[in-house]
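Coordinates in review
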Amino acid sequence: MTEHVKIFDTTLRDGEQAPGFSMTSGQKLRMAEALEGLGVDVIEAGFAAASPGDFDAIQKIAETIKDSTICSLARCNTGDIRASGEAIKPAKSGRIHTFIATSPLHREFKLKMSKDEIVRRAVEGIELARSYTDDVEFSCEDAIRTERDYLKRVVEAAIKAGATTINIPDTVGYTTPEEIQDLFQFLTTEIDGGDKAIFSAHCHDDLGLAVANSLAAVRGGARQVECALNGIGERAGNCATEEVVMALNTRKDFFGLTTGIKTEGIYAASKLLATITGNPVPRNKAIVGKNAFAHESGIHQHGVLANRETYEIMRPEDVGVSTDNLVLGKHSGRAALKARATKLGFELSDNQLQSVFVSFKELADAKKEVFDADLEALIMGEAVGTQGPWKIDSLYVSAGSDDNRSPQATVKLTHESGETKEAVSEAAGPVNAVFLAISDITGHPLHLESFTVQSVSEGKDAMAEAAVRVSTEFENYHGRGASTDTVLAGAKAYLDVINRIERRAVRQASIAAQH
Ligand code: KIV
Ligand code: ZN
């Protein structure tokens, strides 16, 4: 039987903790469902002790997800481990991942602890974690820069204390494929009790080697890889889930190993993450970038038409990228829309289908041909939140190069209470004028950090997807919106944030009223 490599996805922990990638509890749950759908073995859902929000998100994910193990990260201390133990309690299968640094630099300057003290803390932490679950992972932070004999000592003590997975992180992205393969060969063959644990690789991408190093670790005996969708994570990120999975899959002849990932869901999951976090995937990103399966040069096109394999080592449909791109028109019905959505990797509930269908009809009126990318943008809008309380009734902008006149926006919004308000604003640019008018009406003066817009399909009537990043005195938010009109897409993205702030205030008020 072919051996299995576990996929431990840390999109919601290492990924989410990177600046610009934070998610709300609801968004994390939505991502966890996508990861479960992909078939990842373990979802690292967060760091329970980091904040009440993180605890809450892990608990909700643990209550909902049934097919993946739900894991929480904890430092080797009582408070962290207890918080993790409580957060994963509802899970059908729950894991605590506890860690302590072992390298000389971390021992001396960060922890100020002796080697013996670190071993003691690791053992105590693992024993406490075992009182919550039999599934305990232990990581030696900065393992790669740890002396081999000491690493061996810590790992042996950890296994003896009950750790069932031993993770060897390249915390600072320093190692090379040959070095890490050799280290895993050493650990998996020389550690006393090594047969009682699964060895895991956790590689960062500071030198752009995270995927190569993870694959080399697998060659050396690792049977779990820690990774994150789109390669997100601390600094330059983590090993990209889609890349390591497709490498193992495409080169099964070389690695002789399998994963449990349903690869056809990869593209939709990657796109969902990009939409939720407001960080678009670069065009040339392996596996999930827009160009990953595009053939532009005549020589390549000629080859692909004769036989796809001349220039394609994977089939686009294997990762959920559709090739029959032209889809629906304004006469298409609900069944066709649902079938196409399923093909793109989205399971729509009846309610979601209904509201996507309404938006689809509007779009089909505005634009002759609806492409898969357009449809994705609509569905993502549903997934990420086009809910109220505010809706755009009308928007009109005037702009141009006249030195004597500033761009002006007239915006009319309706609140779900029935109230309609209008504002007229001037600013240096038309989009800013729109944002100002929306802030005026809703009473939310937001600071705009960034505004990006990209077209999701081709042609003059292409859909535009806008993303805004804004901040208040206390928090950062991102919002998104899609429309065939760029300014309207921007307005929707800005209003998406305000709606989110208002919905959250309502929720908080109702919780406060219950206490
Ligand atoms: O990079 C790292 O060392 C980590 C550990 C907490 C596993 O993320
Ligand atoms: Zn990490």
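Residues numbered from 1 in each chain as written. Chains lettered and ligands numbered in written order. Predicted model: local features only at pLDDT ≥ 70, side-chain atom pairs only at ≥ 80, totals over all residues. Heavy atoms only, no water.

With distances of 2.0 to 2.1 Å, the protein atoms coordinating the zinc ion (ligand 2) are Asp 14 (OD), His 202 (NE2) and His 204 (NE2). Donor residues for the zinc ion (ligand 2), ordered by position in the chain, follow D-x187-H-x1-H. Of the two residues, Asp 14 sits in helix H1 (residues 11–15) while His 204 sits in the loop between strand S8 (198–203) and helix H9 (210–219), which places them 190 residues apart along the sequence. (Donors = N, O, S within 2.8 Å, 3.2 Å for Na, K, Ca; no water. Helix = DSSP H or I, 4+ residues; strand = E, 2+ residues; numbered from the N terminus.)

On to helix H6 (residues 115–130). An ideal rise of 1.5 Å per residue puts 22 Å on 16 residues; H6 measures up with 23 Å between its terminal C-alpha atoms. Inspection of H6 places Ile 118, Val 119, Ala 122, Gly 125, Ile 126, Leu 128 and Ala 129 among the buried residues, and these make up the whole buried set. Of the surrounding elements, those touching the buried residues of H6 are helix H4 (78–87), strand S5 (94–101), helix H5 (104–111), strand S6 (136–141) and helix H7 (148–161). (Expected span 1.5 Å × (residues − 1). Buried < 20%, exposed > 50% of the residue type's maximum accessible area, 1.4 Å probe, protein only. Contact = heavy atoms within 4.5 Å.)

Our focus in this paragraph is the site of ligand 1. Close to ligand 1 lie Arg 13, Asp 14, His 97, Phe 99, Ser 139, Glu 141, Asn 167, Pro 169, Thr 171, His 202 and His 204, which account for all nearby residues. In the model, an oxygen atom of ligand 1 is placed 2.9 Å from a nitrogen or oxygen of the Arg 13 side chain. Relative to its unbound accessible surface of 260 Å², ligand 1 loses 93% to contact with the protein. Counting only elements with at least two residues in the shell around ligand 1, the list comes to H1, S5, S6 and strand S7 (165–170). (Near = heavy atom within 4 Å. Polar contact = N/O pair within 3.5 Å; in protein donor to acceptor, adjacent residues only side chain to side chain. Areas by Shrake-Rupley, 256 points an atom, 1.4 Å probe, with all protein chains shown as cover.)

This next bit is on the layout of surface pockets. In this structure, the second largest pocket occupies an estimated 1200 Å³ of space. If you trace the second largest pocket, you find 40 residues lining it, with Tyr 267, Lys 290, Asn 291, Ala 373 and Val 456 closest to the centre. The element contributing the most residues to the lining of the second largest pocket is helix H12 (residues 266–277), with five residues. (1 Å grid on protein atoms, 1.4 Å probe; cavity = no way out; pocket = protein on both sides within 12 Å on 5 of 7 lines; lining within 4 Å. Points joined across faces, edges and corners; volume = space filled by probe spheres on them.)

Counting 118 residues, the largest nonpolar core has Met 31, Ile 43, Ile 70, Phe 138, Val 155, Ile 166 and Phe 360 as its most contacted members. With eight residues, H7 is the largest single contributor of residues to this core. Once you skip the residues sitting within four places of it in the chain, Ile 43 turns out to touch Asp 9, Leu 12, Ala 32, Leu 35, Glu 36, Ile 65, Ser 68, Thr 69, Ile 70 and Cys 71. (Core = buried A, V, L, I, M, F, W, Y, C linked by side-chain atoms within 4.5 Å.)

Attention shifts here to the pairing of strand S2 (residues 6–9). The pairing of S2 with strand S9 (residues 224–227) spans four bridges and is parallel. Following the sheet pairing, Lys 6 is matched in S9 by Gln 224. Bridge count between S2 and strand S3 (residues 42–46): two bridges; the pairing is parallel. Residue Phe 8 lies in a different strand from S3, and its bridge partner there is Val 42. (Pairing = 2+ DSSP bridges.)

On to the packing of aromatic side chains, then. Tallied over the entire structure, the rule returns four aromatic pairs. Each ring, one from Phe 357 and one from Phe 360, has its centre 6.2 Å from the other, and the planes form 35°; the classification is tilted. Highlighted residues: Phe 357 and Phe 360, both in helix H15 (residues 350–366), separated by three residues, approximately one helical turn. No difference in accessibility class separates Phe 357 from Phe 360, as the two residues are buried. (Phe/Tyr/Trp six-rings, centres within 6.5 Å; stacked < 30°, edge-to-face > 60°.)

Bringing H9 into the picture now. Along an α-helix, residues three or four apart share an orientation, since each turn contains 3.6 residues. Most of H9 sits out of view: eight of its 10 residues are buried. Regarding H9, the residues found buried are Ala 210, Val 211, Asn 213, Ser 214, Leu 215, Ala 216, Ala 217 and Val 218. Where H9 ends, the next residue or the one after it, Gly 221, has phi of about 125°, a positive value.

Okay, the pattern of salt bridges next. Scanning the model with the defined rule gives 29 salt bridges in all. Across the pair Asp 80 and Arg 75 runs a salt bridge, and its minimum N-O distance is 2.8 Å. According to the relative accessible area criterion, Arg 75 is partly exposed, its value standing at 42%. Across the pair Arg 145 and Asp 142 runs a salt bridge, and its minimum N-O distance is 3.1 Å. Here Arg 145 falls in the partly exposed class, since its relative accessible area comes to 30%. Counted as one network, the salt bridges with shared partners bring together Arg 13, Asp 14 and Glu 44. (Salt bridge = Lys/Arg side-chain N within 4 Å of Asp/Glu carboxyl O.)

Strand order in the closed barrel formed by eight strands is S2-S3-S4-S5-S6-S7-S8-S9, with parallel pairing between adjacent strands. With direction set aside, neighbouring strand axes in the sheet form an average angle of 25°. Two elements, S6 and S7, share three bridges in a ladder whose sense is parallel. The residue bridging Glu 137 from the neighbouring strand is Thr 165, located in S7. Set on the sheet, helix H2 (residues 25–38) makes contact with S2 and S3; between it and S3 the angle comes to about 170°. Along the sheet, H7 contacts S6, S7 and S8; its crossing angle with S6, the most-contacted strand, is approximately 165°. (Axes fitted to C-alpha atoms, helices over the stretch in contact; angles between N-to-C directions.)

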